[in-house]
Amino acid sequence: MSLRIVVCVKYVPDATGDRHFAEDLTVDRDDVDGLLSELDEYAVEQALQIADEADDAEITVLTVGPEDAKDALRKALSMGADKAVHVEDEDLHGTDALGTSLVLAKAIEHTGYDLVFCGMSSTDGTMGVLPALLAERLGVPQVTLLSEVSVADGVVTGRRDGDAATEQLQASLPTVVSVTDQSGEARYPSFKGIMAAKKKPVESLDLSDLDLEAEQVGLAGAWTTVDSAAQRPARTAGTIVKDEDEGGKQLAEFLAGQKFI
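This report concerns the structure included in the present document. (Residues numbered from 1 in each chain as written. Predicted model: local features only at pLDDT ≥ 70, side-chain atom pairs only at ≥ 80, totals over all residues. Heavy atoms only, no water.)

A few words now on the packing of helix α3 (residues 97–111) against helix α4 (residues 130–138). Where α3 contacts α4, the axes come no closer than 9 Å and their chain directions differ by 50 degrees. Comparing their axes, α4 and α3 come out oblique. In the packing of α3 onto α4, the handedness of the crossing is right-handed. Mapping the contact onto sequence places Ala97, Leu98, Thr100, Ser101, Leu102, Leu104, Ala105, Ile108 and Glu109 in α3 and Leu130, Leu133, Leu134, Arg137 and Leu138 in α4. Partitioning the contact of α3 with α4 into residue classes produces 10 nonpolar, 2 polar and 2 charged. (Axes fitted to C-alpha atoms, helices over the stretch in contact; angles between N-to-C directions. Helix = DSSP H or I, 4+ residues; strand = E, 2+ residues; numbered from the N terminus. Parallel < 35°, antiparallel > 145°, perpendicular 65-115°, else oblique. Left-handed = near helix turned anticlockwise from the far one by under 90°. Contact = heavy atoms within 4.5 Å. Nonpolar A, V, L, I, M, F, W, Y, C, P; charged D, E, K, R; others polar.)

As C-alpha cells, then:
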C-alpha cells in the first residue's frame, strides 16, 4: 500500500521586502513579493527522502492562501513532490493559526494521509504552534522539532536536539512530524524538475469543499487579533567618542550610564 505523505507549506512575504500592515492590521501581501517559506523547504526535503526510501510513496504538498500561493506549490513540485492541493477562498483573509489548523486538517482528511510533514515554524508569523494544533485536530500523535527522521514498519523515528539533551522519539502512523533547519539542506530544483512541475496536478478547494463556514475562519473567526501596530522607529546615529587621551574614560562613563557595567 502506498505511503501517503502530505507536506504543509506556506506562501510568505519575502523577508527582504518592505513589509507592512494593511488597514485591517493584517499583513499587506499585495505590495511585497512572496515565496515558499524557507523552513518549509526542509519539510519538503525530508518528505522526499522518506519517499525515496519507501517501496511506494506519494507526496502531496498543501497550502492555504491567495492565488499567488500557487508559486509556493510549484516550488515544492519542482523539488520532486507529486501533486498539490491549494485551498483558496476570500473568506480566509485574516485567518489565525487556530483557523489555519482547522482548514489544513479538513484538507488533509479530504486528501488522505499516513504522514504529515511541517516546517518548525513559518518565516513570517514564527509561531511554531501549527504542527501541534494540526495533530490535535486530526487526533494523531505529534513528533515535533526533529533534526533527523526515518520511517519503517509503520513507525516514525526521530531525533530532537535540545540545549541540554538529545531525545529519541517514536510514533506510530498516522502522525504529524515537524523538522528543524538542522534536518538537512533542501535540494535545489533542477531544470527538469521545474519543467515537470508545470504538468503536475494542482487541486483547488474552497471552504464549501471542506464543509466549513465563513464564520469559522477569517478575521471574524480568529481567536487572536492585532489591536494596534506602529512602524519601527528609524535608526538613530550612534554616539561617537573621539579619543583625545580621554577616550577610555568617556567610554567607561557611557557604559556605566547605560548600566552595562
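Having seen it, we continue.
Our next topic: the side chain of Ser183. Position of Ser183 relative to the elements: it lies in the loop between β11 (175–179) and α5 (191–197). A polar atom in the side chain of Ser183 sits 2.8 Å from the backbone oxygen of Thr180. The residues contacting Ser183, other than those within four sequence positions of it, are Tyr42, Gln46, Leu146 and Ser147. (Polar contact = N/O pair within 3.5 Å; in protein donor to acceptor, adjacent residues only side chain to side chain.)

Counting 36 residues, the largest nonpolar core has Ile5, Val7, Ile59, Val61, Phe117, Val177 and Val179 as its most contacted members. For this core, the secondary-structure elements that each account for two or more residues are β1 (3–8), α1 (38–53), β4 (57–64), α2 (70–79), β6 (115–119), β7 (142–146), β10 (166–172) and β11. Those residues in contact with Phe117 that sit more than four places away from it in its chain are Ile5, Val6, Val7, Cys8, Ala43, Gln46, Ala47, Ile50, Val149, Val177 and Val179. By size, the runner-up hydrophobic cluster in this structure holds 25 residues, among which are Cys8, Leu62, Leu102 and Leu210. (Core = buried A, V, L, I, M, F, W, Y, C linked by side-chain atoms within 4.5 Å. Buried < 20%, exposed > 50% of the residue type's maximum accessible area, 1.4 Å probe, protein only.)

With antiparallel pairing, the 3 strands of this open sheet are ordered in space as β8-β9-β10. Of all strands in the sheet, those bounded by a partner on one side alone are β8 (148–152) and β10. Adjacent strand axes in the sheet meet at a mean angle of 15 degrees when their direction is disregarded. The pairing of β8 with strand β9 (residues 155–161) spans 5 bridges and is antiparallel. (Pairing = 2+ DSSP bridges.)

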